[in-house]
Amino acid sequence: MELLNPKTAEFKHLDEKSKNIMKRTIAFFEKRGKDKLKEDDRKQTWYADFLEFQKQEKVFATLMTPAGYGPSDSRWDTTRICDFNEIAGFYGLCYWYTWQVSMLGLGPIWIGKNEEIKHKTAQLLQDGEIFAFGLSEKEHGADLISSDMTLEKTGDGNYIANGRKYYIGNSNKAAIVSTFGKSKESGNYVFFAVNSQHPNYQLIQNVVNSQSYVGEYALKDYPISEKDILSKDREAWDASLSTIAICKYNLGWASIGICTHSFFEAINHASKRKLFNRYVTDFPQIKQLFVDAYCRLFAMKLFASRAKDYMRSASASDRRYLLFNPMVKMKVTMQGEEVINLLWDVIAAKGFEKNMYFEMAAKDIRGLPKLEGTAHVNMALIIKFMQNYLFDSNASLPIIPKIDDRKNDDFLFNQGATTKGFEKISFRDYNEVYKSVNLPNVLVFRKQIELLKEFLEKNPPDSKQTKDLDFMLIVGELFTLVAYGQLLIENAAIENVEDDLLDQIFDFMVRDFSKYALQLYSKRSSTPEQMQLCLKMIHKPVENEALFDRICAKVYSYKDAYEMAP
């Protein structure tokens, strides 16, 4: 596994059609050039040329049409979706965003049982149309229970829809806006389809200063028939949450793309700049910043790629993906912020300059942890798995292989109630994975894990602490590192990642664990017994200067490997 380099990427794991989509997308952006990329960002230009390109190449149609709809080779294949996520993020968040919110809009359609509208949607994708997900509202955010959008019976078997939606991407051009609301008569939930160009659809404003259109719209006596209904009652509720479960995973890959482009730009700049008669890259603190940034970025990709295997192999009896998906959304995107911070400390004022991709990245990277549920929301979900993961392993679960099969990911559109049954979701013993490697920093990390388990067994959060989300978020961060490390080790074996790099990755993992242990120690509500165990969790990584130098040399080998065409 390597970082995405548009100059050398071959996408050998993909079929010819998918490979061509990735390469032609790269060629589109490279021909367009960085100057145009930055000009459009500054002027907040709607990306009509990109949408025309995807229409001509049938990008969205190929990648987002499940089997049974569209051409005979149609399939929803998360492997190639990851590749496109990364490429789109690499060139700019707005291009990824219009793809992402189209996917969100498609979710309730493909999950629902309305076959007529599914076939209509497949044709709209072939025509190059985009889609939107009308869920959140200005007063309630994504609180579905409080939705004010209503669907009212008209007495002739039809309905009218009234209400407003807020912060809805693509709401200016979407052929179908999958809109969530309630029956005015019964209060039951409903998903229905509207068209953004209909006269009873009022586009109010773009609520952000961006190339992307993140709109507020109102429906005023918008006519709806049964053929426009996507789902009702519990099925509508489940469709909304299942859609988010599918799509929030994409945010981690957008972050990976953004950080990868920024890494190339930072190392190209720093390696050519001299201060005090020394190249910037010769300074010890710069070496540390670059090694940390690279290791964190590589780990982001290693984890997200492995989480994909759990998504693609998921079933009603194996829902481990419900832990790893929100981690890609929460942990990977927050690591993305950390990578940009590290690189920014290297390039300093250069990161503000208008001709730098980095200037876009520094702004855009902040949004990803805050979209499709904040980091707090996703952490609250992750914590629910802590007991079963750490203490109640299930040896009967299969060991998941790498899954790059060219198949349709059927289960993603048949997840059922994703908010139910968390207590029944089990995991294999993580110790199997950790004991498979014998690297110095992994051994230190294993000691920290055992101390966390001792903390949770002997001095667990009391009733007051469990209600203190700020306290539990730190506990959740410690737990998240355990699951993060598991998948890193699993995928390192699959991808033949060298021991040097994996050991250096666990250098920052040990430091991060110590950081959160200190934060937990410092909480006002921590008991003396808890504080004592927190102090025991604080460890220093194993010092190995020769290993660090080897990784630094690897990082510096990326100098001049890629620079976007002007």
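That block above? That's the structure.
Residues numbered from 1 in each chain as written. Predicted model: local features only at pLDDT ≥ 70, side-chain atom pairs only at ≥ 80, totals over all residues. Heavy atoms only, no water.

**Q** Could you clarify how one ought to interpret the overall build of the protein chain in this entry?
**A** Counting its secondary structure elements, the protein chain contains 20 helices and 10 strands. In terms of overall dimensions, the protein chain is globule-like: its C-alpha atoms have a radius of gyration of 24 Å, near the 24 Å expected for 566 residues. With respect to the principal axes defined by its C-alpha atoms, the protein chain has extents near 75 × 55 × 45 Å. Here the protein chain, with 566 residues, has 61% of them falling under the buried criterion. Summarising the internal contacts of the protein chain: among those between residues at least 6 apart in sequence, 80% fall at separations of at least 24. Of the roughly 22300 Å² of accessible surface on the protein chain, a fraction of 50% belongs to carbon and sulfur atoms. Measuring between centres, the 74 positive side-chain charges of the protein chain sit 2 Å from its 75 negative side-chain charges. (Helix = DSSP H or I, 4+ residues; strand = E, 2+ residues; numbered from the N terminus. Rg over C-alpha atoms; globule rule 2.2 N^0.38 Å. Buried < 20%, exposed > 50% of the residue type's maximum accessible area, 1.4 Å probe, protein only. Contact = heavy atoms within 4.5 Å. Areas by Shrake-Rupley, 256 points an atom, 1.4 Å probe, with all protein chains shown as cover. Lys, Arg positive; Asp, Glu negative; His and termini not counted. Charge placed at Lys NZ, Arg CZ, Asp CG, Glu CD.)

**Q** What is the right way to look at the side chain of D15 in this model?
**A** The topology assignment puts D15 in the segment before α1 (16-43). On the basis of relative accessibility, which here comes to 16%, the residue D15 falls in the buried class. In terms of polar contacts, D15 uses its side chain to reach the backbone amide nitrogen of K17, at 3.1 Å. (Polar contact = N/O pair within 3.5 Å; in protein donor to acceptor, adjacent residues only side chain to side chain.)

**Q** Sorry if this is basic, but what is going on with the pattern of salt bridges here?
**A** Close approach of charged atoms allows side chains of opposite charge to pair. Tallied over the full model, the rule gives 43 salt bridges. The partner of E495 in a salt bridge is K402, and the shortest N-O contact between them spans 3.0 Å. One end of the pair, E495, is in the loop between α17 (469-494) and α18 (499-522); the other, K402, is in the loop between α13 (386-391) and α14 (430-434), and 93 residues separate them in sequence. Judged by its relative accessible area of 16%, E495 falls in the buried class. Taking relative accessible area as the criterion, K402 reaches 38% and is therefore assigned partly exposed. Ionic pairing is found between E498 and K554, a salt bridge with its closest N-O pair at 3.5 Å. A residue pair is termed long-range when its members are at least 10 positions apart, and E498 in the loop between α17 and α18 and K554 in helix α20 (residues 545-556) qualify at 56 residues. (Salt bridge = Lys/Arg side-chain N within 4 Å of Asp/Glu carboxyl O.)

**Q** What is the right way to look at the nonpolar core in this model?
**A** Generally speaking, soluble globular proteins have nonpolar side chains that are buried together. Residues F50, F263, F290, F303, L323 and I505 are the most contacted members of the largest nonpolar core, which totals 188 residues. It is helix α9 (residues 284-312) that provides the largest number of residues to this core, a total of 17 residues. Counting residues in each nonpolar core, the second largest holds 17 residues, with L151, A161, V177 and V194 among its members. (Core = buried A, V, L, I, M, F, W, Y, C linked by side-chain atoms within 4.5 Å.)

**Q** Looking at this model, I keep getting lost on a nonpolar patch on the surface. Mind explaining?
**A** Taken together, the side chains of L518, L535 and I538 make up a nonpolar region of the molecular surface, amounting to roughly 240 Å² of accessible area. In this structure, L535 sits in helix α19 (residues 528-537). For L535, a relative accessible area of 43% corresponds to the partly exposed category. (Patch = residues over 30% accessible without salt bridge, like charges linked within 9 Å, V, L, I, M, F, W, Y side chains within 5 Å.)

**Q** So what exactly am I meant to see when it comes to α20 here?
**A** Structurally, the α-helix is built with 3.6 residues per turn, so residues lying three or four positions apart point the same way. Under the 1.5 Å per step criterion, the end-to-end length of α20 is 16 Å for 12 residues, consistent within 8% with the ideal 16 Å. For α20, the full list of buried residues reads L547, F548, I551, C552, V555 and Y556. Along its buried surface, α20 packs onto α8 (249-272), α9 and α18. (Expected span 1.5 Å × (residues − 1).)

**Q** Before we go on, may I ask you to explain the environment of G485 in this structure?
**A** Tracing the backbone through its elements, the reader meets G485 in helix α17. Counting along the chain gives 52 residues from G485 to V433, while the straight-line C-alpha distance between them is 9.2 Å. Residues in contact with G485, not counting those within four places in the same chain, are Y434, F506 and M509.

**Q** Explain the packing of α9 against α17 here, please?
**A** Packed helices, taken two at a time, are described by their axes: the angle between them and the distance between them. For the pair α9 and α17, interaxial distance at closest approach is 8 Å and the crossing angle is 85 degrees. The orientation of α9 with respect to α17, classified from their angle, is roughly perpendicular. Residue-level contacts link A299, M300, L302, F303, S305, R306, A307 and Y310 of α9 to A483, Y484, Q486, L487, L488, E490, N491, A492 and I494 of α17. In terms of residue class, the contact of α9 with α17 is made up of 12 nonpolar, 3 polar and 2 charged. (Axes fitted to C-alpha atoms, helices over the stretch in contact; angles between N-to-C directions. Parallel < 35°, antiparallel > 145°, perpendicular 65-115°, else oblique. Nonpolar A, V, L, I, M, F, W, Y, C, P; charged D, E, K, R; others polar.)

**Q** Looking at this structure, how should I read the packing of aromatic side chains?
**A** What characterises a pair of aromatic rings is the spacing of the ring centres plus the angle enclosed by the ring planes. Following the criterion strictly, the structure yields 46 aromatic pairs and no others. Aromatic side chains Y389 and F479 sit 5.3 Å apart centroid to centroid with 70 degrees between the ring planes, which places their arrangement in the edge-to-face category. Here F479 lies in helix α17 and Y389 lies in helix α13, a separation of 90 residues in the sequence. Comparing Y389 with F479, the two get one shared label, buried. Directly above the ring of Y279 sits K274, whose terminal nitrogen or CZ lies 4.9 Å from the centroid. Just above the ring of Y484 sits the side chain of K331; from NZ or CZ to the centre is 5.6 Å. (Phe/Tyr/Trp six-rings, centres within 6.5 Å; stacked < 30°, edge-to-face > 60°. Lys NZ or Arg CZ within 6 Å of the ring centre and 35° of its normal.)

**Q** Got a minute to help me understand the side chain of S231 in this structure?
**A** Tracing the backbone shows S231 in strand β8 (residues 229-232). Dropping the residues within four chain positions of it, S231 is found in contact with V190, F191, A236 and A239.

**Q** Sorry if this is basic, but what is going on with unusual backbone geometry here?
**A** Excluding glycine, a negative phi dihedral is what most residues carry, and trans is how most peptide bonds are arranged. With a phi close to 55 degrees, Q44 is a non-glycine residue in the positive phi region. Tracing the backbone through its elements, the reader meets Q44 in the loop between α1 and α2 (48-57). When its relative accessible area of 36% is taken as the criterion, Q44 is described as partly exposed. Phi angles above zero are rare outside glycine, and Y167 is one such case at about 65 degrees. Position of Y167 relative to the elements: it lies in strand β3 (residues 159-169).

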